[in-house]
Every structure is written in structure tokens, then in C-alpha cells.
Amino acid sequence: MSRLVMHVDLDAFYAAVEQRDRPEWRGRPLVVGAEPGRRGVVATCSYEARRFGVHSAMPISEAVRRLPAETVYVRPEMARYAEVSREIMRVLGALAPVVEPVSIDEAYLDVSGLERLIGPPEVVARRTKAAIREAVGLTASVGIGPNRLIAKLASDARKPDGLLVVRPEEVRAFLDPLPLAALRGVGAVAARRLEQAGLRTVGDVRCRPLEDLRRRLGARTGTQVHLQSNGIADDRVHPATERKSISKETTFAEDVVDTEVLRDTLRWAAQEVGYLARHAARKGTLVTLKIRLHPFETHTRSRTLATPSADDRVIFDTAWDLYRADTHAGRAVRLIGLGLSGWAQAPVQPDLFADLEIREGDHADDRLDATLDAIRRRFGRHCIQRGLSRRP
């Protein structure tokens, strides 16, 4: 039996969640990312915005120049998107025995053998799309093929809300008319070299001898491109792996030297990171501070905690200590953020000999964190936060 790999890709995921939750935004161009007039880029955008040539990673200033006045601009709400993503992954896990999430909005599934339980690949794909729509009210594009490459290209081919099954005997006919950019590892330089040789499509590449491709692109890239053009790629789907870190950062519209602004920004980032860690039932042992100075000089500093934590104040205090100890403190900052990693492998045993009053205070703080988190989940991520102390 041939292997069958399915690739599921949510359509314009962040923007789709926003339009789902705000019906008045449906049908309008919508950008998730930086705010107009500030430094930053587009995280994603709705298909209504894409018609104007806007795409992910485009500078927000360029997006604003292209888009009409009725465009909606929103900041990302990662906690909300993550919750929707978890529900989607639960749906996929109920459909297939092996699911490999590769990002917040896409996953590979090994659907080999499901024909006996559900039906032909097209039926498996339609059931997957229907289950996602029923669970979270969103559309997904689905591709099925004999390996990861073909499944991914198949899901891309019919977006949005697409479905395409490419059987092994159909692989060459599917690949041949595709542009060179469809092949992994073919960037601008490699594409230019292939085009200079008169190659324009994947089919053109497939017809070229391997040695010619290796000579033009190098041994490794040439071999990889040759294999892909013949539809040969990895067909393994790996079980989900644990998220290695949680981080939050912000890029300022203007470089900042005011330490109060930097301190309050770090406190905000710590609250975001702490919330996401607690939501995932994780405690970390490593806090990392990231600073980007003018123009693009980036520094990271890390510190290991004495005990694992997901406490906003512990994360913030550690990051702020790292900032104050850094020799670059006082210089203009373009970007600042922090991350938490090094997850505890087991529940943390409290120190039985620690001062009772301190431990009782910790429990009170845990209860306060739980209460604040519950309020945020119900009324929105930014409806409440701890007070911003101005003490140095």
C-alpha cells in the first residue's frame, strides 16, 4: 500500500479568526500585524487585502499605501489564535493516528490506511475540512499526496478552501507545469541560474541531467532539486513535538532611550509570556532578554532561575536585571523582548523548610494569577493587568 500524506493549511489563519469573531469585518480588507504609522510588518492578511498585492512580511507602511481606507488593522492576539489552533489539532488527532503540527496553522497527517475506515482520499479530505469548519468555523485547504512535498504543493494549489488529491501516477503531470519557486531550496540566485539555462518550469528541470543541475547549483542543491522535480521527497510524518520556548517582543515606532518605557514594555511582555506558559501548564527555568539597538545590532542575554516558574514578576524581574547588568543599557533601543524556556520535566516540589509566610504569599500570588487569567480569557487579553510600578 502506498503512503498517503495529508497537509492541512488554515486559510489566512489570524485574519480568518478576527473576521469570524467580528462579523462586521467580513468581506473587508483586514491586516493583522503592526499598526499604521508605526514600524513593523504584516503578520498576515485577509484574502480581500491580498487582492491589492499585500502579503505577509510586507512593511506596514507599504501595505497602508496599497490598501483602501476601509481596511481594518488589528494587533495579533496570539493567545486566542493558539487556543483555536489547539482545538484544530484535537480535531485532526481524532481523524488520524499520527499528526505533526508544523506551525500554529498547518499540520501533516499520515492518512495511510484510512481508506478502509473512512473512504477514498477525497472523502478523507472532505471529512477533515468539514470537521474543522464545524469545530472552529474556519476553512482549510487540504492536499493529499504520496509524500510531504506533493501534499504541501497540493494544498497550496487550490487556496482558499481548496482540496486536491495527487495520486502517485499523477505526480509528474501535477509537477511539470509548476514554476521553479515550487521547489524547496530554489531561491532567487538558484532560480536565476536555472532561467539562464532556459528552464522555466519544474518539468524543464526534470528533463535536465542530474550532473548539469549539480554543476549549476552545487552538488547538494542540484541533487535536491533533481529529486523534487521527479516527485521524490520524505514521506514520514512525525508525532507532535513539544514547544521549546515562549517569547514576546515589540518593535518601537521610534528608537527608545527612556528606561521607564523599556521597563513597562518588558513588564507587558512578561505578562504575555507568563499567561501563555500557564495556559500550556508549563514552568520554565531559563529567561532570555533580547535587545536590538540602532540600527540592527542585536544582543541576547539569558539567566537560569533557581526554580522553574511561570510567574509574571519572576520573569520580569529576571529580564530587567539582565537589562540593567548589560553594558549596552542606556543606548537607543529599536526592539525589546523576552522569552521563557527550559521546561521543568516534572511538577515542582516546594521547599518544605522555606519560610511559611513566603510560601503562603506565593500561593496567594498563584491564585491572583489564576483569577487574572480567567478574566482575560472571558473578556479579552488586554482587559486587565497588574499595576505598573514605577520603582527602579
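Starting afresh in each chain, residues are numbered from 1 along the sequence in its written order. Side-chain atom pairs in this predicted model are given and counted only at pLDDT of 80 or more, local residue features only at pLDDT of at least 70, and totals for whole chains, interfaces and linings cover all residues. To obtain the side-chain values, all non-hydrogen atoms of the structure were used and water was disregarded.

Draft legend 1. Molecular detail of the UniProt feature "site: Substrate discrimination" (unreviewed entry) in the chain. Per the UniProt entry, the sites bearing "site: Substrate discrimination" (unreviewed entry) are Y14 in this numbering. Secondary structure elements are taken from DSSP: a helix is a run of H or I of four residues or more, a strand is a run of E of two residues or more, and numbering for both begins at the N terminus. Inspection of the secondary structure puts Y14 in helix α1 (residues 13–21). Partly exposed residues are those whose accessible area sits between 20% and 50% of the maximum for their type, while under 20% is buried and over 50% is exposed, using a 1.4 Å probe and protein chains only. For Y14, a relative accessible area of 16% translates into the label buried. Sequence-distant contacts of Y14, defined by excluding residues within four places in its chain, comprise V32, A43, T44, M78, Y81 and I104. UniProt positions are given in the numbering used here, feature names are shortened, and annotations may be inferred rather than shown by experiment. The contact criterion used is simple: two residues touch if any of their non-hydrogen atoms lie within 4.5 Å.

Draft legend 2. Examining the sheet that holds strand β2 (residues 30–33) more closely. Any two strands are treated as partners once DSSP identifies two or more bridges connecting them. On the basis of which strands lie adjacent, the open sheet formed by three strands has the order β3-β2-β4 and mixed pairing. The outermost strands of the open sheet, each flanked by one partner alone, are β3 (42–45) and β4 (72–74). Each strand of the sheet is rotated relative to its neighbour by a mean of 25 degrees, with strand direction disregarded. Of the strand pairs in this sheet, β2 and β4 are connected by three bridges, and their pairing is parallel. Along β4, the bridge assignment pairs V31 with Y73. Seen against the sheet, α1 touches β2, β3 and β4 and runs at an angle of roughly 120 degrees to β2. An axis is simply a line fitted to the C-alpha atoms; with a helix, the fit covers only the stretch in contact. Between two such axes, the angle follows the N-to-C directions and lies from 0 to 180 degrees.

Draft legend 3. Layout of the UniProt feature "active site" (unreviewed entry) in the chain. According to UniProt, the positions carrying the feature "active site" (unreviewed entry) are E106. In this fold, E106 is placed in strand β6 (residues 106–110). Take E106: its relative accessible area is 18%, and that puts it in the buried class. In this view, E106 contacts H7, V8, D9, M89, P101 and K152; residues no more than four positions away in its chain are not counted. Under this definition, polar contacts are N or O atom pairs within 3.5 Å; protein pairs additionally need one hydrogen-donor-capable and one acceptor-capable atom, and for neighbouring residues in sequence, both atoms have to be side-chain atoms. Within polar-contact distance, the side chain of E106 engages the side chain of H7 at 2.6 Å.

Draft legend 4. Representation of the side chain of K129 within the structure. Inspection of the secondary structure assignment puts K129 in helix α6 (residues 121–136). The buried category is assigned to K129, whose relative accessible area is 13%. When residues no more than four places from it in sequence are discounted, the contact partners of K129 are A140, V142, D161, G162 and L163.

Draft legend 5. Quick peek at helix α13 (residues 259–279). An expected span of 1.5 Å times one less than the residue number is assigned to each helix. The end-to-end C-alpha distance of α13, which contains 21 residues, comes to 30 Å, matching closely the 30 Å that a straight helix rising 1.5 Å per residue would cover. Most of α13 is tucked away, with 15 of its 21 residues classed as buried. The backbone nitrogen of E260 has a side-chain oxygen 2.9 Å away, supplied by the residue at the start of α13, namely D258. Positive backbone phi, at 60 degrees, marks A281, one or two positions downstream of α13.

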